[in-house]
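Residues per chain are reported as follows:
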Amino acid sequence: MEGNLIKLSKGLDIHLQGKAEEKKIQLKSNGKYALVPDDFEGVTPKVVVKEGDKVKAGDALFVNKQYPEVKFASPVSGTVREVLRGERRKVLCIKVDADAQQEFTDFGKRDVGSMSGEQVINALLEAGLFGYINQLPYAVSTNPSVQPKAIFVSALRDKPLAADFEYEVAGQEQDFQTGLTALSKIAKTYLGVGVGSKLVGMKDVDVNIFDGKCPAGNVGVQVNHIDPVNKGEVVWTIGDPTVVLFIGRLLNTGKVNLTRTVALCGSEITSPAYVDMLVGEELSTLLSNSYDASKSVRIINGNVLTGKPTTKEGYLGAHASEITVIPEGNDADEMLGWILPRFKQFSVNRSYFSWLCGKKQYALDARVKGGERHMIMSGEYDRVLPMDIYGEYLIKAIISGDIDRQEALGIYEVAPEDFALAEFIDSSKLELQRIVREGLNILRKENA
C-alpha cells in the first residue's frame with residue numbers, strides 16, 4: 001500500500017555541523033543506570049523499590065501515582081543503589097547498579113494477531129512500557145482510562161542532527177511491524193514517514209508521507225493534518241518511533257529490552273557516529289574521549305531544539321535519540337559584534353551575510369544573543385509552524401491566562417515541541433516551549 005502524500009510549505013531546516021555517520025561505535029557500559037521520572041511528562045512518580053532491593057530487567061521501579069497500574073520498568077537487572085530526591089522530596093531518579101549477568105522478567109511471548117486491544121494494553125501495563133505512549137491534549141504520558149480515537153506514530157525525525165530512524169530500524173523490521181499491529185488492535189493507527197522511506201509498506205496502519213521541512217516529523221503536526229483533536233477527544237501519540245520497537249520486542253520475546261540506537265553528534269564531537277545504549281545508561285563512558293574536554297561545551301540529552309541540558313554524569317533520556325555536544329559560547333569574543341558580516345553565523349532573516357552561502361552547515365553555540373523583550377506581533381512564528389493555528393495569538397492567550405481564548409485558538413492540538421523552531425527564530429527571545437508547557441499544565445488541572 002502506498003501512503004498518502006502530504007506536502008507542507010512552512011518550516012525551517014537548520015543545517016548544523018556534526019551529523020552522525022552511519023557507523024556504530026561499541027561501548028562497554030560502566031554498569032550505572034538510572035530511570036528519571038521527569039522523562040515522562042505529566043507523571044507523578046510513586047517509588048515501589050527500596051535501596052538495596054534486587055530487580056530484574058522489566059520489574060517496576062516506580063508507578064504513576066494517579067494511575068498506579070502504569071508502571072515504569074527497570075532497563076537492567078541489578079541492585080537499587082539510591083532513590084535520589086530533590087527539594088520537597090521530589091524524585092529525581094532511581095539508580096540501579098547492573099549485574100554482570102543480566103536477568104529478565106519473562107512476560108511470555110504473544111501472538112499479536114490473536115490479541116484484543118485490551119490484551120495489548122494489559123501486556124504493556126504489566127511490563128512497564130505503557131507510560132512511553134503520550135497523548136494529545138496536554139502532550140503528557142497517557143493513561144489507560146480513556147479510549148483514544150486514534151493512535152499516531154511518527155517515524156520521521158527531521159530536527160537538526162536527528163538520528164535517522166531508518167538506520168536504527170534496519171534488521172528490526174519484524175519487531176516494528178509487531179508493535180504497529182499491536183497498536184492497531186487498540187485504535188486506528190497512522191504512521192507518518194518521510195519521502196523515500198522504506199517503511200511505506202508497513203501493514204495494519206494508514207501510512208502518510210510528509211514532504212516538507214522540519215517540524216514535519218513532529219507527531220502533533222501530523223495529527224493536525226490528518227485528524228485534528230477537538231475538545232473532549234484524546235489521541236495517543238508516539239513521536240519517538242523506538243517505542244514501537246520496545247512494544248514489538250516485548251510481544252515477540254516476552255522480555256523488556258530498552259535498547260535504543262543513539263546518535264552522538266554536534267560540532268564539538270570529534271567523530272560523530274551511532275551507538276546502541278539502554279534507556280537510563282550513564283553518559284560518562286560515551287562522552288569520555290569524544291570531545292575536547294578543555295573547551296566549554298553544552299551537552300544536550302536529545303536534539304538542540306527540544307533536548308535538555310545534561311552533564312557527563314547524566315543518564316540517557318527515555319525518549320532521547322541523540323546526545324548532542326555544541327559550544328557553550330560563553331567564551332565567544334566578537335570584536336565589533338553586530339556590525340560584522342558574520343558569514344559563520346546562521347540567521348533566518350537576512351541580517352547576516354550568511355544567507356548568501358546556500359545550504360552551508362553551521363557550528364552554532366548555545367547563546368541566546370540578546371535579552372528578552374516585549375513580544376512583537378510580526379507573524380514570524382507562522383513561517384515555521386505548519387499547523388492550522390495562530391501561534392502568536394495562542395502564546396499571548398497563554399501568557400495572559402485567558403483559558404477560553406486558548407481553547408478557541410487550539411491549545412488542545414499543540415505540544416511544546418511544536419514551538420521549538422518558533423522559539424529558535426523568536427526575536428523576542430521568549431521561552432515558548434516552557435510557556436506552552438505551563439499553559440497545558442494549568443489547563444490539565446482546570447479540566448481534571
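Our subject is the structure that appears above.
Everything quoted here is computed from the prediction, not taken from an experiment.

*Asks:* Can you walk me through the sheet that holds strand β1 (residues 4-7) in this structure?
*Replies:* Taken in spatial order, the seven strands make up an open sheet running β1-β13-β12-β11-β14-β9-β10, and their pairing is mixed. Both outer strands of the open sheet, β1 and β10 (140-141), are each paired with one neighbouring strand and no more. Along the sheet, helix α4 (residues 219-226) makes contact with β1, β9 (134-136), β11 (150-154), β12 (189-194), β13 (206-211) and β14 (235-238), crossing β11 at roughly 130°.

*Asks:* Can you help me understand the side chain of Q222 in this one?
*Replies:* With respect to the helices and strands, the residue Q222 is situated in helix α4. Given the relative accessible area of 1%, Q222 is considered buried. Sequence-distant contacts of Q222, that is, excluding residues within four places in its chain, are made with V153, S154, L156, G192, F210, A216 and G217.

*Asks:* Help me out: how do you make sense of the packing of helix α1 (residues 117-126) against helix α3 (residues 173-186) in this one?
*Replies:* Two packed helices can be described by the angle between their axes and the distance between those axes. Here α1 crosses α3 at 120°, and the two axes come no closer than 7 Å. With respect to α3, the element α1 is oriented oblique. Crossing geometry of α1 relative to α3 is assigned as left-handed. Across the interface between the two elements, G117, V120 and I121 from α1 touch A182, K185 and I186 from α3. A per-class count over the contact of α1 with α3 returns four nonpolar, one polar and one charged.

*Asks:* Please explain the nonpolar core as it appears in this structure.
*Replies:* Across soluble globular proteins, nonpolar side chains have a tendency to be buried as a group. Counting 64 residues, the largest nonpolar core has Y132, F176, L183, L191 and L199 as the members making the most contacts within it. Excluding its chain neighbours within four sequence positions, the residues that come into contact with F176 are A155, F165, V169, L191, L199, M202, P241, V244 and L245. By size, the runner-up hydrophobic cluster in this structure holds 54 residues, among which are L156, L385, A397 and V436.

*Asks:* So what exactly am I meant to see when it comes to the pattern of salt bridges here?
*Replies:* Two side chains carrying opposite charge are able to pair once their charged atoms lie near each other. One pass over the full model with this rule turns up 21 salt bridges. Residue R157 pairs with E168 through a salt bridge whose shortest N-O separation is 3.6 Å. Separated by 11 residues along the polypeptide, R157 in the loop between β11 and α2 (165-169) and E168 in helix α2 bring together distant segments of the chain. Each member of the pair, R157 as well as E168, is classed as buried. Of the charged contacts in the structure, one is a salt bridge between R298 and E328, with a shortest N-O distance of 2.7 Å.

*Asks:* Would you take a moment to explain the sheet that holds strand β5 (residues 60-64) for this structure?
*Replies:* Strand pairing in a sheet takes place through backbone hydrogen bonds and is either antiparallel or parallel in direction. Within the open sheet, the three strands sit side by side as β3-β5-β6. Their pairing is antiparallel. In the strand order of this sheet, the two ends are held by β3 (45-47) and β6 (71-73), each with one partner. Sheet twist, expressed as the average angle between the axes of neighbouring strands with direction ignored, equals 35°. Looking at chain direction, β5 and β6 are connected through three bridges and run antiparallel. Within β6, the residue paired with V63 across the bridge is K71.

*Asks:* Even after reading the chapter, I still don't get a nonpolar patch on the surface, so can you show me in this structure?
*Replies:* On the surface, M377, Y390 and Y393 cluster together into a nonpolar patch covering about 340 Å² of accessible area. Here Y390 shows up in the loop between α7 (380-383) and α8 (391-400).

*Asks:* Would you mind showing me how to read the environment of V153 here?
*Replies:* Structurally, the position occupied by V153 is in strand β11. A relative accessible area of 0% means that V153 is categorised as buried. Separated by 36 residues in the primary sequence, V153 and T189 have C-alpha atoms spaced 7.5 Å apart. Dropping the residues within four chain positions of it, V153 is found in contact with L180, L183, T189, Y190, L191, G192, Q222, I238 and V244.

*Asks:* How do you make sense of the packing of aromatic side chains when you look at a structure like this?
*Replies:* Here a ring pair, both rings aromatic, is described through the centre-centre distance and the interplanar angle of the planes. For the structure on display, the rule yields 11 aromatic pairs. A centroid spacing of 5.0 Å and a plane angle of 85° characterise the contact between F40 and Y132, whose relative ring orientation is edge-to-face. Taken together, the positions of F40 in the loop between β2 (32-35) and β3 and Y132 in the loop between α1 and β9 put the pair 92 residues apart, joining distant regions of the chain.

*Asks:* Sorry, what's going on with unusual backbone geometry here?
*Replies:* Leaving glycine aside, a negative phi is the common case for residues, and trans is the common case for peptide bonds. Cis geometry marks the peptide bond from L136 to P137, where omega comes out at 0°. Positionally, P137 belongs in the loop between β9 and β10. With a phi angle near 50°, A139 is a residue other than glycine that sits in the positive phi range. In this structure A139 comes out as buried when scored by relative accessible area, which is 14%.

*Asks:* Help me understand a positive patch on the surface in this model?
*Replies:* Taken together, the side chains of K46, K65, R85 and R89 make up a positively charged region of the molecular surface. A relative accessible area of 58% places R89 in the exposed class.

*Asks:* What's the story with the pairing of β13 in this structure? I'm lost.
*Replies:* Successive residues of a regular strand alternate their side chains across the two faces of the sheet. The pairing of β1 with β13 spans four bridges and is parallel. Residue pairing across strands places K7 opposite D211, the latter belonging to β13. In this sheet, β13 lies alongside β12 in parallel orientation, the contact comprising five bridges. Bridged to V193 within β13 is I209.

Conventions adopted
- Residues numbered from 1 in each chain as written.
- Predicted model: local features only at pLDDT ≥ 70, side-chain atom pairs only at ≥ 80, totals over all residues.
- Heavy atoms only, no water.
- Pairing = 2+ DSSP bridges.
- Helix = DSSP H or I, 4+ residues; strand = E, 2+ residues; numbered from the N terminus.
- Contact = heavy atoms within 4.5 Å.
- Axes fitted to C-alpha atoms, helices over the stretch in contact; angles between N-to-C directions.
- Buried < 20%, exposed > 50% of the residue type's maximum accessible area, 1.4 Å probe, protein only.
- Parallel < 35°, antiparallel > 145°, perpendicular 65-115°, else oblique.
- Left-handed = near helix turned anticlockwise from the far one by under 90°.
- Nonpolar A, V, L, I, M, F, W, Y, C, P; charged D, E, K, R; others polar.
- Core = buried A, V, L, I, M, F, W, Y, C linked by side-chain atoms within 4.5 Å.
- Salt bridge = Lys/Arg side-chain N within 4 Å of Asp/Glu carboxyl O.
- Patch = residues over 30% accessible without salt bridge, like charges linked within 9 Å, V, L, I, M, F, W, Y side chains within 5 Å.
- Areas by Shrake-Rupley, 256 points an atom, 1.4 Å probe, with all protein chains shown as cover.
- Phe/Tyr/Trp six-rings, centres within 6.5 Å; stacked < 30°, edge-to-face > 60°.
- Lys, Arg positive; Asp, Glu negative; His and termini not counted.
- Charge placed at Lys NZ, Arg CZ, Asp CG, Glu CD.

So, to be careful, I would describe these as geometric facts and stop short of saying anything about function.
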